[in-house]
Amino acid sequence: MRLGLRDGAESSFAVRFAWLTGLRLIVLTIVLIVMTTIYLGGIGTRADSSRIAMLTFAVAFALTGVYAAVLRLGKGLPLLAYGQMFIDQIAWSMIVYVSGGAASGATSLYGFTCLCGAILLGLRGALIGLIAGASSYALLCTLLVQGFLLPPPDQPLEAYATSWSEAAFPLVLNLLAMSVVALLGSYLAERLRITGGRLVVATARAEQAERLAALGRLAAGLAHEIRNPLGSIVASIELLRTGGSLGAEDEALCAIIERETTRLNELVTDMLDVSRPRAPSKAPMDFAATARDVVMLAGKSGRGRDVPLRYVGPDSLEIEADTAQMRQVVWNLLRNAIQASSAGAEVIVRVEADAGGAVVLAVEDRGVGIPPEARERLFDAFFTTRSQGMGIGLAVVKRILDDHGFGIEVESEPGKGTTFCVRIPHSKELALAPS
């Protein structure tokens, strides 16, 4: 896990960290109660051990307040998590020291910190917790065996392992248990993360499907009511033009009306396409001819008259797909490129077969480009970076390509243009005729 987290991941991490900090506080409280009432038999009974335990708990509780303050700031949380694991493992070593050393039952607390590390930071967190816990526990055992650290004066000496023959078995057993807990915890945390990610994706898809269903009901009701008046408007404009009595200003106004009615009709069509998905009916088709025809048609209508369009590719290139839907893909990508281009900026549509036999469609424009923060949502329905439009055309493209099993990639540099690249995997021998 990287120390720098994106906004969404950072928010999720902060929530997990807050919950685990609260859980840590509960565990500390329980251990404090058990230590003072059961093991030590009251604070005054074993003064030295009680003093060490109370000082350890006081520092741990004070640091919990520090963790809470840093959590409110929301900065440096991964580093704080690593620091918390190191400090907690040292704190548990102090508890182990006053409760029997190598054979203390408090060694299970090392595993708790390893689990917290796995939940917060995955395998790396579990390993850091394991290294910190194993090192501090092994160091404590070594100091006790070598005589550099004596048991608390108020503790019975026979309760502590003071030779390697006594300390080796609990030391190895506890280190093995810590390793198992760390690895198992990291595995379960990773599985939970994957399952949670899938759940988020499934929820997002369900919400999108619900929105599309609502749009479908709305589009079905409005399409007929909108298209009838549009047809009447277009017919009326054509009649006015055939009269021959229109001036230059009237002709310009008629052109504006015709352009806007065409745009409105395209919007209605897009709404119907995205709200009423249809399974593709695959059959052999000449994809190159389809792309070339779309380029020719687009150049004679709307803004295609102001933006030069050029087709680059073979005269014939066969794939297996739904002809109508692939035509829609080319049309939507080309229309998107035209809308992103300024007058006179060329748009190029390329069709070619790569060395592996896959067919590649590339639609290149020289427009303003796409901001990096918008690329992840580029194919979401109703998301758009333009002031006009509803962000439906690219959503239709993505749905059609997903239904076919085809892929699409976007390359864009702000201020220099965008290229949409559709890759159609090889499914049969491609028929490639010379240009």
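Residues numbered from 1 in each chain as written. Predicted model: local features only at pLDDT ≥ 70, side-chain atom pairs only at ≥ 80, totals over all residues. Heavy atoms only, no water.

As recorded in an unreviewed UniProt entry, the protein goes by histidine kinase and comes from Polyangium fumosum.

(A) Representation of a nonpolar patch on the surface in the model. A contiguous nonpolar surface patch, about 460 Å² in accessible area, is contributed by Leu23, Ile26, Ile30, Val34 and Ile38. Mapped onto the elements of the fold, Ile38 is located in helix α1 (residues 7–39). On the basis of relative accessibility, which here comes to 64%, the residue Ile38 falls in the exposed class. (Patch = residues over 30% accessible without salt bridge, like charges linked within 9 Å, V, L, I, M, F, W, Y side chains within 5 Å. Areas by Shrake-Rupley, 256 points an atom, 1.4 Å probe, with all protein chains shown as cover. Salt bridge = Lys/Arg side-chain N within 4 Å of Asp/Glu carboxyl O. Helix = DSSP H or I, 4+ residues; strand = E, 2+ residues; numbered from the N terminus. Buried < 20%, exposed > 50% of the residue type's maximum accessible area, 1.4 Å probe, protein only.)

(B) Geometry of the packing of helix α2 (residues 47–73) against helix α3 (residues 77–98). Remark: α2 packs on α3, axes separated minimally by 10 Å, with the N-to-C direction vectors making an angle of 170°. Classified by the angle their axes make, α2 and α3 are roughly antiparallel. Residues Ser49, Ile52, Ala53, Thr56, Phe57, Leu63, Tyr67, Val70 and Leu71 of α2 form the contact with α3, whose own contacting residues are Leu77, Leu80, Gln84, Ile87, Ala91, Met94, Ile95, Tyr97 and Val98. Of the residues in the contact of α2 with α3, the class split is 15 nonpolar, three polar and no charged. (Axes fitted to C-alpha atoms, helices over the stretch in contact; angles between N-to-C directions. Parallel < 35°, antiparallel > 145°, perpendicular 65-115°, else oblique. Contact = heavy atoms within 4.5 Å. Nonpolar A, V, L, I, M, F, W, Y, C, P; charged D, E, K, R; others polar.)

(C) Main features of the pattern of salt bridges. The full count for this structure, using the stated rule, is eight salt bridges. Residue Asp403 pairs with Arg399 through a salt bridge whose shortest N-O separation is 3.7 Å. In this pair, Asp403 and Arg399 both sit in helix α9 (residues 393–404), four residues apart, roughly one turn of the helix. Each of the salt bridges in this network shares a partner with another, and the network as a whole consists of Arg350, Glu364 and Arg366.

(D) Quick peek at the packing of aromatic side chains. Tallied over the entire structure, the rule returns one aromatic pair. When the ring of Tyr110 is compared with that of Tyr137, the centres are 5.6 Å apart and the planes differ by 55°; the resulting orientation is tilted. For the pair Tyr110 and Tyr137, a shared accessibility class is recorded, and that class is buried. (Phe/Tyr/Trp six-rings, centres within 6.5 Å; stacked < 30°, edge-to-face > 60°.)

(E) Quick look at the environment of Ile370. Along the chain, Ile370 falls in the loop between β5 (359–365) and α9. Placed 48 residues apart in sequence, Ile370 and Thr418 show a C-alpha to C-alpha distance of 7.1 Å. Ile370 has contacts with Arg375, Leu378, Val410, Ser412, Pro414, Thr418 and Phe420, leaving out every residue within four places of it along the chain.

(F) A look at the packing of helix α8 (residues 323–340) against α9. One can describe the packing of α8 onto α9 by two numbers: an axis separation of 9 Å at closest approach and a directional angle of 145°. Considering the relative orientation of α8 and α9, their crossing is left-handed. In contact with Gln325, Met326, Gln328, Val329, Asn332, Leu333, Arg335 and Asn336 of α8, α9 contributes Gly393, Leu394, Val396, Val397, Ile400, Leu401 and His404. Of the residues assigned to the contact of α8 with α9, the class counts are eight nonpolar, six polar and one charged. (Left-handed = near helix turned anticlockwise from the far one by under 90°.)

(G) Focus on the pairing of strand β7 (residues 417–424). Looking at chain direction, β5 and β7 are connected through seven bridges and run antiparallel. Opposite Val359, over in β7, you have Ile424 as the bridge partner. In terms of strand pairing, strand β6 (residues 407–413) meets β7 through seven bridges, oriented antiparallel. Each bridged residue has a counterpart across the sheet, and for Glu409 the counterpart in β7 is Cys421. Counted along the chain from β6 to the antiparallel partner β7, the turn is three residues long, and its residue Gly415 has a positive phi close to 85°. (Pairing = 2+ DSSP bridges.)

(H) Fine view of empty space enclosed by the protein. Per the counting criterion, the structure on display carries one cavity of 30 Å³ or more. Put simply, the largest cavity is a space of about 50 Å³. Elements that contribute at least two residues to the lining of the largest cavity include exactly α1, α3 and α4 (108–146). For the lining of the largest cavity, the per-class residue count stands at four nonpolar, three polar and two charged. (1 Å grid on protein atoms, 1.4 Å probe; cavity = no way out; pocket = protein on both sides within 12 Å on 5 of 7 lines; lining within 4 Å. Points joined across faces, edges and corners; volume = space filled by probe spheres on them.)

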